[in-house]
Amino acid sequence: MKKPPTFDKLIHHRRTRWAGTACLVVFSALVHIAGLIFALFAPGRIVVYIAPSFFLVALAFGIALGSFGKPNDAASSMVAVPTSSSSPSSPSLSSSDLPNITTRSVSPSSSPGRAEAGSPLRRRVGTSPTTADAPIVAESQESLTNGLEGLNVESTEELLAVVPPSKLASSSSPMVAPKSIAVVPLQQPAWPWTRILAWVNLVVQVAWLLLIAYIAFAPWLFLHAEIEDVVYARLGHVGPTDARIVFRVPPTPFAPLTTPSSALQVSVRRAGTSAWDIVGDGAAVSAEHDWTGMVVATGLQPRTTYEYRVTSPLPSSTSATAAVAEAAAALLSGTFTTAPTPTDPAATLKLVFGSCVKRDTPFLSERGIRGFRTIASAPVVARAELMLFLGDFIYADVPFVYGSGLDAFRWHYKYTLAAPESVAAVKKMPSYFIYDDHEFSNNWDAGESGVYWNAARAYTEYLGRGNPLSIDPLDTAAHPNAPQYYSFTRAPACFFVFDLRRYRTASYSNGTAPLLGEQQWTAFSTWLNSTLAPDSGCTWRILGSSVPVTTNWDIDGDTWAGYTAERTRLLDLVHSSGAKNTVVLSGDRHAVGVQRLVPHREVVEYSVSPIGAFVPPISFYRSKGGDEELYEKVAGNSKMGMIDMDRTKLRFNLVIGEDVVWEHELTAE
């Protein structure tokens, strides 16, 4: 009965080594693939978890094969099996005893000879009388290994043990033991190509892991000081007679202009005039709201250009203070033009919209946020008067969750705004925002639980307060249910921007889960009916949705396609109200889709993203059995939509990079 193989036997077995090598190759390849995806495509959070795991598995197999699995003397040498020490007629080992070993006989004599054919055991035949005593030597390491494995032995000692005695002695004479088993070392190269390749593979894997770690953690570890100095003043909602000015002025780098909890002065003046009018009673900034503030300038005139500035009431008594003030002026001042009245028959509007920005993504091809550079300075967007940003201004969960506290979420907004093009883009024109899932966590459907309040507060401080909200969401003590959805009019259009995260629950398989919540449904229905009034000035009705309404991207249940009952309710409500010229603007999918929404085919949706982020390698858009497809595209890390509308037509331009690649036009009914 054979004894079970030991670990040493198992690790030296050829099949074991083949399996281990295959696993080493597979897991090494996975590390390389993960690194490529992370650097060239998307900094996915899952890669941060799985790449080190793949590396450790590959390393373990490499160590096992390189250390425990080193060939032993039997597998790394040529073994010489001699014949019996008796006469040449004595029985000796034959090829049938070592069926898997191809051997050659080595004569101790220098006399030449000839080889017999027809048998894997080839014995040199010569004139030397000692030929019978010549050892039999395996021709190659592979043939020796195969033969030893066939005999289930690993050493020359075990080889002697398993050879039947009858093969070593004749029936008429006592058993004759072989003289010896000679071991002739093979001449192995000091650094075979396999060893060099293994080391190169290991070095490249380590390099990928270091790059992944750098991309994932370097901003969080090393940019805290830089982003804490983010300073800006921008425009939120601008109506015919009012304007919201949002700003952040930390104690540095503009001290001594500001001091903790200092009251800043926000002033406006009509362009071309010299007198500044202070807005309100001043704007207090403090650490409580991370040095952010907002004021509303009122009493303005429609279709009029104004200048604004944010200054400090502290005296400028030194040249150093004056220099600091001059440096701050560029960041804390700007111009804007108020909107026309809702019923203005000549009203026109040019807006840019989109969603999703991830700074320095893809890492090896982008720096900063290319889409914001386009909005800030490219001629194709030069005429835009309004920006509608539909979610994922930050990626709080990508590539890693740095924390769930308020400061962690604030960090992400400062990180995005620390890119110079970000401030330049949001300063250029009135900007309207709504959050989506990555302001919380991927596919957020937990409502007000978990991180919601910390994430929503950071969003409100940096973005939300500029929206036309009747109640300040930061005043949670007095107004704990203050909404983030909102509506406004900018002739010739009326806008309703949905909040699709706060009120939803996880989607059900039958599509009946809530998405908007009854409070929001009531607000939307009231707004929709108000747009039908003759004095509303609403030629176009624009619905801002952070995720697509279409069912053509039904891949994860996160869009309206996962909430089919609410989607049907939305489209039926628009249809039954008689509201014509309704258009949906959406984002989220990191792709472009333009479609007429069934069943009524009255509503057209333009879904465009990302403004600056990663894109999927393939399209997940499927229009068969869904909405009527007008256009679809995936390629392009920087995409945005441009809308140019008047009282008769709405023109859509798809901008990829800085080029218009597709156009579509609607005629008002």
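About the cut-offs
Residues numbered from 1 in each chain as written. Predicted model: local features only at pLDDT ≥ 70, side-chain atom pairs only at ≥ 80, totals over all residues. Heavy atoms only, no water. Helix = DSSP H or I, 4+ residues; strand = E, 2+ residues; numbered from the N terminus. Contact = heavy atoms within 4.5 Å. Areas by Shrake-Rupley, 256 points an atom, 1.4 Å probe, with all protein chains shown as cover. Pairing = 2+ DSSP bridges. Axes fitted to C-alpha atoms, helices over the stretch in contact; angles between N-to-C directions. 1 Å grid on protein atoms, 1.4 Å probe; cavity = no way out; pocket = protein on both sides within 12 Å on 5 of 7 lines; lining within 4 Å. Points joined across faces, edges and corners; volume = space filled by probe spheres on them. Nonpolar A, V, L, I, M, F, W, Y, C, P; charged D, E, K, R; others polar. Parallel < 35°, antiparallel > 145°, perpendicular 65-115°, else oblique. Left-handed = near helix turned anticlockwise from the far one by under 90°. Salt bridge = Lys/Arg side-chain N within 4 Å of Asp/Glu carboxyl O. Buried < 20%, exposed > 50% of the residue type's maximum accessible area, 1.4 Å probe, protein only.

Quick word on the overall build of the protein chain
Here comes step 1: From N to C terminus, the protein chain includes 15 helices and 28 strands.
Here comes step 2: If you take every contact in the protein chain between residues at least 6 apart in sequence, the share linking residues at least 24 apart comes to 73%.
Here comes step 3: Here the protein chain has roughly 29100 Å² of accessible surface; of this, 59% comes from carbon and sulfur atoms.

Things to note about the sheet that holds strand β21 (residues 540-545)
Here comes step 1: Pairing within the open sheet is mixed, and its seven strands lie in the order β19-β20-β21-β22-β24-β23-β25. Both edges of this open sheet fall to β19 (486-490) and β25 (628-633), since each of them pairs with a single strand only. Averaged over all pairs of adjacent strands, the angle between their axes in this sheet comes to 15 degrees, without regard to strand direction.
Here comes step 2: Examined bridge by bridge, β21 and strand β22 (residues 582-586) share five bridges and lie parallel to one another. Bridge assignment links Leu543 to a residue of β22, and that residue is Val584.
Here comes step 3: Contacting β19, β20 (493-497) and β21, helix α14 (residues 518-530) crosses the sheet at an angle of about 175 degrees to β20.

Observations concerning the sheet that holds strand β13 (residues 292-297)
Here comes step 1: Strand order in this open sheet of three strands is β8-β9-β13, and the pairing throughout is antiparallel. Every interior strand has two partners, whereas the edge strands, β8 (232-238) and β13, have only one. Taking each pair of neighbouring strands and ignoring which way they run, the sheet shows an average axis angle of 20 degrees.
Here comes step 2: Examined bridge by bridge, β8 and strand β9 (residues 243-248) share five bridges and lie antiparallel to one another. Residue pairing in the sheet places Ala233 in a bridge with Phe247 of β9.

Quick word on the layout of surface pockets
Here comes step 1: The calculated volume of the second largest pocket comes to roughly 790 Å³.
Here comes step 2: What lines the second largest pocket is a set of 31 residues, and nearest its centre among them are Ala42, His438, Asn442, His590 and Phe614.
Here comes step 3: Elements with a minimum of two residues in the lining of the second largest pocket: α2 (14-41) and α3 (45-68).
Here comes step 4: A total of three residues in the lining of the second largest pocket trace back to one element, the largest contributor, which is α3.
Here comes step 5: Here the lining of the second largest pocket is composed, by residue class, of 17 nonpolar, six polar and eight charged.

Regarding the packing of α14 against helix α15 (residues 564-577)
Here comes step 1: Across the interface, α14 lies against α15 with an axial gap of 11 Å and an inter-helix angle of 20 degrees. One way to sum up the angle between α14 and α15 is to call them roughly parallel. When the axes of α14 and α15 are compared, the crossing they make is right-handed. Between α14, through Glu518, Trp521, Phe524, Ser525, Leu528 and Asn529, and α15, the contact on the second element is made entirely by Glu566, Arg569, Leu570, Leu573, Val574 and Ser577.
Here comes step 2: The residue inventory of the contact of α14 with α15, partitioned by class, reads six nonpolar, three polar and three charged.

Focus: the packing of helix α11 (residues 406-417) against helix α13 (residues 452-462)
Here comes step 1: Between α11 and α13, the least distance of the axes is 8 Å, while the angle of their chain directions is 35 degrees. As for how α11 packs across α13, the hand of that crossing is right-handed. Between α11, through Leu406, Phe409, Arg410, Tyr413, Lys414 and Leu417, and α13, the contact on the second element is made entirely by Asn454, Ala455, Arg457, Ala458, Tyr459, Glu461 and Tyr462.

Quick notes on the pattern of salt bridges
Here comes step 1: Within the structure shown, the criterion is met by 27 salt bridges.
Here comes step 2: In this structure, the salt-bridge partner of Lys414 is Glu228, at a minimum N-O distance of 2.8 Å. A residue pair is termed long-range when its members are at least 10 positions apart, and Lys414 in helix α11 and Glu228 in helix α8 (residues 224-228) qualify at 186 residues.
Here comes step 3: Here Lys414 falls in the buried class, since its relative accessible area comes to 3%.
Here comes step 4: Between Glu385 and Arg490 there is a salt bridge; the shortest N-O distance is 3.2 Å. Taken together, the residues Glu385 in the loop between α10 (370-377) and β17 (386-389) and Arg490 in strand β19 connect sequence positions 105 residues apart.
Here comes step 5: The exposure class of Glu385 is partly exposed, given its relative accessible area of 30%.
Here comes step 6: Through salt bridges with shared partners, one network takes in Glu228, Arg248, Asp290 and Lys414.

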